[in-house]
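Working through the structure, step by step
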Amino acid sequence: MKSLVAPFPWQPLDRICQRVLGRLLPRACLLCGRACDHATLCPGCRDAIPGHSQPHCPRCALRLRHADEPHPCLEADSPLHRVLSGADYAAPLDRALNALKFDQQTALARPLAELLLQGLHDSRTDGLHTVDAIIPIPLSGQRLAERGFNQSLLIARALIRAAAGAAPPLRHGWLQRIRHTRPQSSLDAAARRQNLRNAFLASASVAQLRIALVDDVMTTGSTLLEAARTLKAAGAAEVVAWVVARTPAPGSRCGD
C-alpha cells in the first residue's frame, strides 16, 4: 500500500501535506483504496478482516469460539486487567501496520486508530469512559531517533482525535523507556520477557488512576505486561491494554 504523498525527510512537512490532502480528497479504504466516504474501511474489507467484530478474550485478546467461552489465558496476578484488540494481526491488516511502522506511512495512524475505536465502541467491558488516562507504549531514545516517530503515540493521538472530545487525556510523558533493548520481533517468548526487565519508568502521577496502554500490535504480550507492572508498582489502580491488532496463537484460540 502506498501513501498519496511520498515520505519527506522533514517529518512535520510530511504530516501537514498528508492532513491537507486528507481533507481535499475522498476518503479511501485503508486496505483496498476504494472510495468509502468517511469510513475507515469499505464494507467488503471490513467483513474480511480476521477477528474484526468477533468475540475475543477480555484478558488476552485471543479470539474465542463464542462470547461465553472460558478463557484461562493469563495468570490471576497479571498486571493487565483487560486487553482489547481491533482485529487479528493477519493479512491484510498486517500490511497496513507494517507500512506505518517501517515504511514511514504515518497517515495510516488515523484509520488504524479508528479501527481500534470501533472495537472500543463494540466492547462490552472496555470503553473510553472506563479509564482516566491514555499512555502509549514508549520507545527508547535510540529507537525513536532511528525511526523518527513512535507509532503507538501516533495511534493514541489519532484515537483521541477520532473520539471527538469523548476520550480521556493523553499522558505520554508518564511512562518512559529508560533502557534500550533488542527488537522484540527477533526473540522468543522467554527472551522477550528477559529483554524488557526494568526497561520502563513510571511517573508517580499514575497513582490511583485507571490507565489504558495503547500499542500497535500485541504478540506475546511481554511489552505490555512489563509496562503494566511498572505502572502498577507506581500506584496505578488498574491497567488495561488497547491494541490495534493481536497476533493469533499458532493453530489455536484462547483456552486451547
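Residues numbered from 1 in each chain as written. Predicted model: local features only at pLDDT ≥ 70, side-chain atom pairs only at ≥ 80, totals over all residues. Heavy atoms only, no water.

**Notes on the sheet that holds strand β5 (residues 210-218)**
Ordered by their spatial adjacency, 4 strands build an open sheet running β1-β6-β5-β2, and the pairing between neighbours is parallel. Looking along the sheet, the strands with just one partner apiece sit at the ends: β1 (82-88) and β2 (133-136). Ignoring which end each strand starts from, the neighbouring axes of this sheet average 20 degrees apart. Across 8 bridges, the pairing between β5 and strand β6 (residues 238-246) is parallel. The residue of β6 that forms the bridge with M218 is R246. Seen against the sheet, helix α6 (residues 151-162) touches β2, β5 and β6 and runs at an angle of roughly 120 degrees to β5. (Pairing = 2+ DSSP bridges. Helix = DSSP H or I, 4+ residues; strand = E, 2+ residues; numbered from the N terminus. Axes fitted to C-alpha atoms, helices over the stretch in contact; angles between N-to-C directions. Contact = heavy atoms within 4.5 Å.)

**Structural notes on the pairing of β2**
Burial of β2 is two-sided: the residues A133 and I135 facing one way and the residues I134 and P136 facing the other way are all buried. The sheet contact formed by β2 and β5 spans 4 bridges and is parallel. Counterpart to P136 in the pairing with β5 is V214. (Buried < 20%, exposed > 50% of the residue type's maximum accessible area, 1.4 Å probe, protein only.)

**Considering the packing of helix α4 (residues 109-122) against α6**
With their axes 8 Å apart at the nearest point, α4 and α6 run at an angle of 60 degrees to one another. Read as a crossing pair, α4 and α6 show a hand that is right-handed. Contact residues: A109, R110, A113, E114, L116, L117 and L120 in α4; L154, I155, A158, L159 and A162 in α6. Grouping the constituent residues of the contact of α4 with α6 by class yields 10 nonpolar, no polar and 2 charged. (Left-handed = near helix turned anticlockwise from the far one by under 90°. Nonpolar A, V, L, I, M, F, W, Y, C, P; charged D, E, K, R; others polar.)

**A look at α6**
With 12 residues, α6 should cover 16 Å at 1.5 Å per step; its first-to-last C-alpha distance of 16 Å lies within 8% of that length. For α6, the set of buried residues is Q151, S152, L153, L154, I155, A156, A158 and L159. Turning to α6, the residues buried within the fold contact α3 (93-102), α4, β2, α5 (141-147), β5 and β6. One or two residues past the end of α6 sits A164, with phi positive at roughly 55 degrees. (Expected span 1.5 Å × (residues − 1).)

**Quick notes on the environment of N195**
Residue position: N195 is located in helix α7 (residues 189-195). Separated by 16 residues in sequence, N195 and R179 have C-alpha atoms that sit 9.8 Å apart.

**Focus: the pattern of salt bridges**
In the structure shown here, the tally under the stated rule is 7 salt bridges. As a salt-bridge pair, R82 and E238 come within 3.2 Å of each other at their nearest N and O atoms. On the criterion of sequence distance, the pair formed by R82 in strand β1 and E238 in strand β6 is long-range, its members being 156 residues apart. Note on accessibility: R82 and E238 belong to one class, buried. Each of R82, D126 and E238 takes part in a single network of salt bridges with overlapping partners. (Salt bridge = Lys/Arg side-chain N within 4 Å of Asp/Glu carboxyl O.)

**Section: the confidence of the model for the protein chain**
Model confidence for the protein chain is summarised by a mean pLDDT of 81, while 76% of its residues fall at 70 or above. Ranking the elements of the protein chain by mean pLDDT puts helix α1 (residues 11-24) last with 48 and β2 first with 98. Every residue in residues 1-11 scores below 50 in pLDDT, and together they form 22 contacts with partners more than four places removed in sequence or on other chains. Long-range and interchain partners of residues 251-256, a stretch whose pLDDT sits below 50, account for 13 contacts in this model, where long-range means more than four residues apart. (pLDDT = per-residue confidence, 0-100.)

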